[in-house]
Amino acid sequence: MRKYISINEGWTFEKKGEKSTVNLPHTWNNLDGQGSEPTYYRGKCTYTKIIERQKGKTWLEFKGVNAACTVYINGNKVGSHLGGYSAFRFEVTDFLSSPKNFLTVEVDNSPLREVYPETADFTFYGGIYRDVNLITEVEKQHFSLDDCGSSALYITPKMNGDVFVKSVISGYETGVRVLYEIFDADGKLVASAGNRVRLHVENPHLWNGLEDPYLYTLRATLFMESRTVDRVESRFGFREIRFDADKGCFLNGKHIKLKGVSRHQDREGLGNALTINEHREDLELIREVGANSIRLAHYQQAEEFYSLCDEMGFLVWAEVPVISRFSKKKQANALSQLEELIKQNMNHPSIFCWGIENEITIQGASPVLTDSIEELNNLAHVLDVSRPTTCAQLTMCPPESELNNITDIMGYNHYYGWYMKTVDGIDEWLKKFKEAQPKVPLCLSEYGAEAVIGYFSDNAVQGDYSEGYQSRFHEHYLNVINSTEWLWGSYVWNMFDFGSSMRNEGGVRGRNNKGLVTFDRKIKKDAFYMYKAFWSEEKFVHIEGGRYTLRRIGKRTFRVISNCPEVTLKCGRYKKTVAGEHVFTFEDVPIKEGNNKVTAVAGDCEETIIFEGVEGYPASYSLPDGASTMVRNWFVPKSESINPEYLSTEDTIGEILKNDDVRGMVSGVAGKLISSPLMKLVAPIKLKTVLNLKFIHINNDMKELAQQFLQTIKK
Ligand code: ADA
């Protein structure tokens, strides 16, 4: 029978010739990947360790190594893996030739042309950042350990109590048989069958989201004659999810609006090297804000996280990092990451859809891109017949695009009110989309605005990085989402601030500040409470701008956020009660010199904050001098900082069309141009010159887009 031995402890880590002893999980970018340096180390490092020879057949199991790795034992190559977010294993039985063996893991997080993601708005922390195990004493006949890192047990439960099971067995021969047993949450045996693919549970207790996340366990035991040779277990749940373009989402036949947040798997100071404690803490905060769904962007996350979601009842959007920069060269890797994601996570009832791409048209659409997305979509359906596929499209992708008719359901990422003027752009866009695509079930897969702790203003405006603006931004979106009944859900970008080494804005380097909660999870921003007011039933009252404690003397306006129907605000002799929903506004609150005790009361909840009355507006509340106030999407290069190693509109048409990636993207019309005699004439002309020709009517947005596209392609 197989045994798991953790080998997380005592590795020798080597980076650029410097050695240290580390325990796993580990990353080498926990500081430089979060802004301690202008750029972070993307390259090769090695981890080494002595491992002993084991009894029986033995596998090495890695739960996550970013991004590419090659494993050697005693100098002999065992295998390699491409992709930084999934689990993988290698059989090492024959490599463990001595009582003590030298294990080397070479890890590489440099940009790799054939691996997703190559570029995106988050830090690609390098390292062995999840657990490593030895699986020993494996018998000849066993549930396959070579099936894409999965448990080799695939469970498809049906609402009528039928459970279809498929297991993959290695070393099969006459005399091998399987016993499947299903246990309820109390451990009572409720169904069993030998060698059969269909079991039946009478009156199945449904897995019903946050209300009742009921789980069963399926145990598969493998016998050789009458001897037990292997055993695997997996939890599962009975549930059904359905989407309708006009009515939204239905869980087990009941309408449910998916109130979602997105989550990246990193943490201040730790990078991506997390333990179960950080995963749990994140989920507790997500539960507190009142969400019922999570988009685990933009890649496969830790298995423990999906398991906790099963237990807590969150509905999860799981996805692969097919993101930002499409390239046909990465298609094989996209397919293998999707296969791993699905095979490794298929039994989690919390996962309701498979996401196959995010903003993949950043550089424009093309027939090759469409074919590749279709191929991913088909693979997801072949591997899992029970779940819908989804994708997240960028604003620039037109509603009528054929890409919006590939996946079963879908979402759009919009930043009206942040990168683009103005917040109410979203209202208009939703109407346009519905007209163009009346039959497509849609959600908002991303929307968000930055807020850096410490910036406040009485007149918060777009682009000032203040908590006040972020809170108003989300108030608008929440109202639109609630009143757009046909939207099946929405996902705030993002639940937590996260590491993005390429960013340097709002006075903060290396971070995307769109979280409702800070990177260290210590401070809930005002926008957190805005969501709690709209989503949660746990009663509370919160004075907006509670960290904006130095207020100008005079009559000031206060906003209080609460999910109670009535709020009273007191300050000295001022006392006023306002009835309403979510946000309660109090005008002319007198702030005098010195301390002012402001108390908000709603039902049994109360919050008091001392505000100090001061002359003038303290400079510390605004962005520091010199901090970039230029709000631009991360992939938009500043015109003054064009990277000469990448293509740009400054290059000639000849140079641009010489590039393989460009040729792949523009094969249609441009293909004809490349092979025509005209090419000789236009090749030496700068693209910029052509784009500026008056008679071809290319507006500035299109020019900017062309620049963005080219600046992601290395010369
Ligand atoms: C994109 C992208 C995200 C995110 C966002 C932002 O829409 O999908 O990864 O970082 O931009 O904050 O700009």
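Up top is the structure these notes are about.
Nothing here was measured: the structure is a model prediction, and the numbers come from that model. (Residues numbered from 1 in each chain as written. Predicted model: local features only at pLDDT ≥ 70, side-chain atom pairs only at ≥ 80, totals over all residues. Heavy atoms only, no water.)

(A) Representation of the state of the cysteines. Here the structure, examined in full by the defined rule, presents zero disulfides. Cysteine Cys564 remains unbridged, with the sulfur of Cys605 as its closest cysteine sulfur at 4.7 Å. When its relative accessible area of 7% is taken as the criterion, Cys564 is described as buried. (Disulfide = S-S within 2.5 Å. Buried < 20%, exposed > 50% of the residue type's maximum accessible area, 1.4 Å probe, protein only.)

(B) Representation of the environment of Phe498. Following the sequence through the fold, Phe498 ends up in strand E35 (residues 498-505). Using a relative accessible area of 1% as the deciding quantity, one classes Phe498 as buried. Sequence-wise, Phe498 and Met410 are 88 residues apart; in three dimensions their C-alpha atoms are separated by 24 Å. Every residue in contact with Phe498, bar those within four places of it in the chain, is listed here: Asp121, Phe122, His264, Asp266, Trp493, Gly510, Arg511, Asn512 and Phe519. (Helix = DSSP H or I, 4+ residues; strand = E, 2+ residues; numbered from the N terminus. Contact = heavy atoms within 4.5 Å.)

(C) Summary view of helix H5 (residues 425-436). With twelve residues, H5 should cover 16 Å at 1.5 Å per step; its first-to-last C-alpha distance of 17 Å lies within 8% of that length. Next to the buried residues of H5 lie strand E32 (410-413), strand E33 (442-446) and helix H6 (467-483). (Expected span 1.5 Å × (residues − 1).)

(D) Broad picture of the pairing of E35. By the criterion of burial, E35 is predominantly enclosed, with six of the eight residues buried. Summarising the sheet, E35 and strand E36 (residues 508-512) pair through four bridges and their orientation is antiparallel. Paired with Glu505 across the bridge in E36 is Val508. Hairpin remark: E35 followed by E36, antiparallel, with two residues in the connecting loop; positive phi at Gly506, about 60 degrees. (Pairing = 2+ DSSP bridges.)

(E) Layout of the sheet that holds strand E41 (residues 574-579). With respect to topology, five strands assemble into an open sheet ordered E38-E44-E43-E40-E41, the strand pairing being mixed. Each edge of the open sheet is held by one strand with a lone partner, namely strand E38 (550-552) and E41. On average, each strand axis in the sheet is tilted by 30 degrees relative to the strand beside it, whichever way the strands run. Note: strand E40 (residues 566-571) against strand E43 (residues 594-602), four bridges, orientation antiparallel. Across the sheet, residue Thr568 finds its bridge partner in E43, namely Val601. (Axes fitted to C-alpha atoms, helices over the stretch in contact; angles between N-to-C directions.)

(F) Examining helix H1 (residues 276-289) more closely. Counted at 1.5 Å a residue, the expected span for H1 with its 14 residues is 20 Å, and the 20 Å between its end C-alpha atoms agrees. By the burial criterion, the buried members of H1 are Glu278, His279, Asp282, Leu283, Leu285, Ile286, Glu288 and Val289.

(G) Fine view of the site of the ligand. The environment of the ligand is made up of 15 residues, and the closest members are Asp121, His298, Glu359, Tyr419 and Lys514. One of the side-chain N or O atoms of Glu359 is found 2.5 Å from an oxygen atom in the ligand. Considered on its own, the ligand offers 310 Å² of accessible surface; in the complex 100% of this is hidden by protein. (Near = heavy atom within 4 Å. Polar contact = N/O pair within 3.5 Å; in protein donor to acceptor, adjacent residues only side chain to side chain. Areas by Shrake-Rupley, 256 points an atom, 1.4 Å probe, with all protein chains shown as cover.)

(H) Seen up close, the side chain of Thr221. The topology assignment puts Thr221 in strand E22 (residues 216-224). The class of Thr221 is buried, set by a relative accessible area of 0%. Those residues within four positions of Thr221 in sequence are excluded, and the remaining contacts are Phe143, Arg177, Val178, Leu179, Glu181, Thr228, Asp230 and Arg231.

(I) Fine view of the packing of aromatic side chains. Summed over the entire model, instances satisfying the criterion amount to 37 aromatic pairs. Across the ring face of Phe250, the terminal group of Arg242 is positioned such that the distance to the ring centre comes to 4.7 Å. The ring of Phe496 has Arg521 lying over it, and the distance from NZ or CZ to the ring centre is 3.9 Å. (Phe/Tyr/Trp six-rings, centres within 6.5 Å; stacked < 30°, edge-to-face > 60°. Lys NZ or Arg CZ within 6 Å of the ring centre and 35° of its normal.)

(J) Focus on the pairing of strand E27 (residues 258-263). E27 sits mainly inside the fold: five of its six residues count as buried. Looking at chain direction, E27 and strand E34 (residues 489-492) are connected through four bridges and run parallel. Following the sheet pairing, Lys259 is matched in E34 by Ser490. Examined bridge by bridge, E27 and strand E28 (residues 293-296) share four bridges and lie parallel to one another. Each residue of the ladder has a partner; that of Arg263, found in E28, is Leu296. Considered for its hand, the β-α-β crossover made up of E27, H1 and E28 is right-handed. (Right-handed = clockwise from strand over helix to strand, strands pointing away.)

(K) Here's a closer look at the sheet that holds strand E15 (residues 162-167). A sheet is described by the order of its strands in space; here three strands give the open sequence E14-E15-E19, paired in antiparallel fashion. Since the sheet does not close on itself, it has two edges, and those belong to strand E14 (153-157) and strand E19 (198-200), each with one partner. Here the strands of the sheet are splayed against their neighbours by 25 degrees on average, with no regard to which way each runs.

Such coordinate-based values are descriptive only and should not be taken to indicate function.
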